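# Structure assessment
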Amino acid sequence: MTKPSKSTIAIWGGETEHEAYERSTQVPVVHSVSFGYKDIETWHAVALEKEEGHIYSRNTNPTVRAFEDKVKELEGAEAATSFSSGMAAISNIFGTFLRPGDRIVSIKDSYGGTNKLFTEFLPPMGIEVCLCDTTNYEEIEAEVAKGCKMLYLETPTNPTVKITDISRLAEAGKAVGALVVVDNTFATPINQNPLEQGADIVLHSASKFLGGHADALGGVACGNKELVKKIYHYREINGASLAPMDAYSLLRGMKTLSLRVERQNESAMKIATYLQQHPKVDVVNYPGLETHVHHDVAKKQMRGFGGMLSFSVKGGLEAIKVFLPKLNYAHMAANLGCVETVVGPPVVTSHVECTDEERAAAGIPEGLVRYSTGIEDVEDLIADLEQALSFL
């Protein structure tokens, strides 16, 4: 049998290897905290992972396991483990592998919460953090060559939508024995699979594109069995577990992942092209545009350019305060990746935790708009942008 496509995996992945409850065609929501056994021997064997089963939902749960298996198959990984949020996934990966005296190399353009871990939480633990210019691969390679325990990448970045060359930088990381971790939230497994390009661990904020409906929080990390087992053990003890109801909502949302992402890819490209020609727009950041600084890299490592773009309007933050409320088909909210279009400046979305100075240091202008393209009719979205921009 041939290997199924991503769209088929999004529907069937993780759902055929689990025993159905009362012949149900859908994965049930198992709310039980614990799982009972009629004899100590079987209970003990499951607890030692010598037999299949579940003991306690902080550790594993049938609904949660189905979600993990679906993402695992989409990313082409050996194993996956889930978390209560995307930030829980990131912080648990750091907690699993980094110790005092270790060094981590990353980029300046990472998501604001991740950046806070780099600047505020890791250094007091005795972990050295080196943040490089995201577009300067030579600088990143030079810093990695000095030695590091982990190379952490995000591509496309949030919210500047910059691209990092996964295979090139993964090769640099492997040369010094570093663990290469990639946040694949913006791209999704439909557009990009970092493990195929040399990454050791790929993670997602499942609250975004994977779920797609802005109704469930979650995070997930994928990789080989040995690495994921270590992350799982750290998570099961620290307790940042994914709730069964959220796992169910994410599973349901993922069944349309391929359809949604394909639509968002197409619409985002049309919107970026429209905005690039608009006289009241200064800069448009979208990897599908030939003017993007790393368009060639995006073409090499991505199957589609994603639903996320950002752009700067003339007049900066004050202009944004006029323009955004005029949009009819966009939520002004701190979210992305869902079926509805969502907009907002970094000051209240991706980098709300950061100071003005920290955003400036990360190269994020105050007049930037993060635009998460929904699945609405693209002509309606463009017309909506046109009328809103007319107020500037």
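Now for a description of the structure that goes with this document. Only a predicted model underlies this, so the values are computations on that prediction, with no experimental measurement involved.

### A look at the overall build of the protein
The helix and strand tally for the protein stands at 15 helices and 12 strands. A compact globule built from 392 residues would reach a C-alpha radius of gyration of about 21 Å, and the protein, at 21 Å, matches this within 12%. Structurally, the protein occupies a C-alpha span of about 75 × 50 × 40 Å along its principal axes. The buried share of the protein, reckoned over its 392 residues, is 56%. A total of about 16900 Å² of accessible surface is found on the protein, and carbon and sulfur atoms cover 54% of it. Treating the 37 positive side-chain charges of the protein as one cloud and the 51 negative ones as another, the clouds have centres 2 Å apart.

### Examining the side chain of Thr164
Checked against the element boundaries, Thr164 lands in the loop between β4 (150–154) and α7 (166–175). On the basis of relative accessible area, Thr164 is assigned to the buried category, the value being 0%.

### Regarding helix α5 (residues 112–121)
Counting buried residues along α5, 7 of its 10 residues qualify, which places the element largely inside the surrounding structure. All buried positions along α5 are accounted for by Gly112, Gly113, Thr114, Asn115, Lys116, Leu117 and Phe118.

### Section: the environment of Ala247
Here Ala247 shows up in helix α10 (residues 244–254). Owing to a relative accessible area of 0%, Ala247 belongs among the buried residues under this scheme. Look past the residues within four positions of Ala247 in its chain and what remains in contact with it is Thr63, Val64, Phe67 and Leu242.

### What to know about the sheet that holds strand β9 (residues 308–313)
By definition, the strands of a sheet pair up through backbone hydrogen bonds, in either a parallel or an antiparallel sense. With mixed pairing, 5 strands are arranged side by side in an open sheet as β8-β9-β12-β11-β10. Strands with a single pairing partner mark the edges of an open sheet, and in this sheet they are β8 (281–285) and β10 (331–332). Summarising the sheet, strand β11 (residues 342–344) and strand β12 (residues 368–372) pair through 3 bridges and their orientation is antiparallel. Directly across from Gly344, in β12, lies its bridge partner Arg370.

### Some details on the state of the cysteines
Tallying each qualifying case throughout the model produces 0 disulfides. In this structure Cys132 is not part of a disulfide, and its nearest cysteine sulfur, from Cys130, lies 3.9 Å away.

### Description of helix α4 (residues 86–97)
Over its 12 residues, α4 extends 17 Å from the first C-alpha to the last, a length consistent with the 16 Å expected when each residue adds 1.5 Å. α4 sits mainly inside the fold: 10 of its 12 residues count as buried.

### Quick look at the sheet that holds strand β7 (residues 219–223)
On the basis of which strands lie adjacent, the open sheet formed by 7 strands has the order β1-β7-β6-β5-β4-β2-β3 and mixed pairing. What marks the edges here is a single partner per strand, and that holds for β1 (79–83) and β3 (128–132). Ignoring strand direction, the axes of neighbouring strands in this sheet form an average angle of 20°. Here 3 bridges tie strand β5 (residues 179–183) to strand β6 (residues 201–205), and the two strands are oriented parallel to one another. Each bridged residue has a counterpart across the sheet, and for Asp183 the counterpart in β6 is Leu203. In the packing of helix α6 (residues 137–145) onto the sheet, contacts are made with β2 (103–107), β3 and β4, and the angle to β2 comes to roughly 175°.

### Topic: the pattern of salt bridges
Tallied over the entire structure, the rule returns 17 salt bridges. Arg103 serves as the salt-bridge partner of Glu128, at 3.2 Å between the closest nitrogen and oxygen. Within this pair, whereas Glu128 is found in strand β3, its partner Arg103 is found in strand β2, the two being separated by 25 residues in sequence. A relative accessible area of 44% means that Glu128 is categorised as partly exposed. A salt bridge links Arg168 to Glu141; the shortest N-O distance between them is 2.8 Å. In this pair, Arg168 sits in helix α7 while Glu141 sits in helix α6, placing the two residues 27 residues apart along the sequence. Overlapping salt bridges bring together Arg103, Glu128, Glu143 and Lys146 as one network.

### Some thoughts on the nonpolar core
Of all hydrophobic cores here, the largest spans 48 residues; its most connected members are Phe67, Val105 and Ile140. Looking at this core element by element, the count peaks at 5 residues for helix α3 (residues 62–75). When neighbours within four sequence positions are excluded, Phe67 is seen to be in contact with Ser82, Ala206, Gly219, Val220, Leu242, Ala247, Leu250, Leu251 and Met254.

### A look at the environment of Ile11
Position of Ile11 relative to the elements: it lies in helix α1 (residues 6–12). Judged by relative accessible area, Ile11 falls into the partly exposed class, the value being 36%. Separated by 58 residues in sequence, Ile11 and Asp69 place their C-alpha atoms 12 Å apart. When near neighbours in sequence (up to four residues on either side) are disregarded, Ile11 contacts Lys70 and Lys255.

### Things to note about the side chain of Ser207
Within the secondary structure, Ser207 sits in the loop between β6 and β7. Of the residues examined, Ser207 reaches a relative accessible area of 8% and is grouped as buried. One polar contact links the side chain of Ser207 to the main-chain amide nitrogen of Gly218, over a distance of 3.1 Å. Excluding its chain neighbours within four sequence positions, the residues that come into contact with Ser207 are Ala216, Leu217, Gly218 and Asn335.

### Some words on unusual backbone geometry
The omega torsion of the bond from Thr155 to Pro156 falls at -10°, within 30 degrees of zero and hence cis. Here Pro156 is to be found in the loop between β4 and α7. Going from Asn158 to Pro159, the amide bond is cis rather than trans, its omega being 10°. Phi is positive for Thr188, close to 70°, though the residue is something other than glycine. Residue placement: Thr188 occurs in helix α8 (residues 188–191). Within the chain, Ala214 stands out as a residue other than glycine whose phi angle is a positive 55°. Mapping Ala214 onto the fold places it in the loop between β6 and β7.

What counts, and at which threshold
Residues numbered from 1 in each chain as written. Predicted model: local features only at pLDDT ≥ 70, side-chain atom pairs only at ≥ 80, totals over all residues. Heavy atoms only, no water. Helix = DSSP H or I, 4+ residues; strand = E, 2+ residues; numbered from the N terminus. Rg over C-alpha atoms; globule rule 2.2 N^0.38 Å. Buried < 20%, exposed > 50% of the residue type's maximum accessible area, 1.4 Å probe, protein only. Areas by Shrake-Rupley, 256 points an atom, 1.4 Å probe, with all protein chains shown as cover. Lys, Arg positive; Asp, Glu negative; His and termini not counted. Charge placed at Lys NZ, Arg CZ, Asp CG, Glu CD. Contact = heavy atoms within 4.5 Å. Pairing = 2+ DSSP bridges. Disulfide = S-S within 2.5 Å. Expected span 1.5 Å × (residues − 1). Axes fitted to C-alpha atoms, helices over the stretch in contact; angles between N-to-C directions. Salt bridge = Lys/Arg side-chain N within 4 Å of Asp/Glu carboxyl O. Core = buried A, V, L, I, M, F, W, Y, C linked by side-chain atoms within 4.5 Å. Polar contact = N/O pair within 3.5 Å; in protein donor to acceptor, adjacent residues only side chain to side chain.

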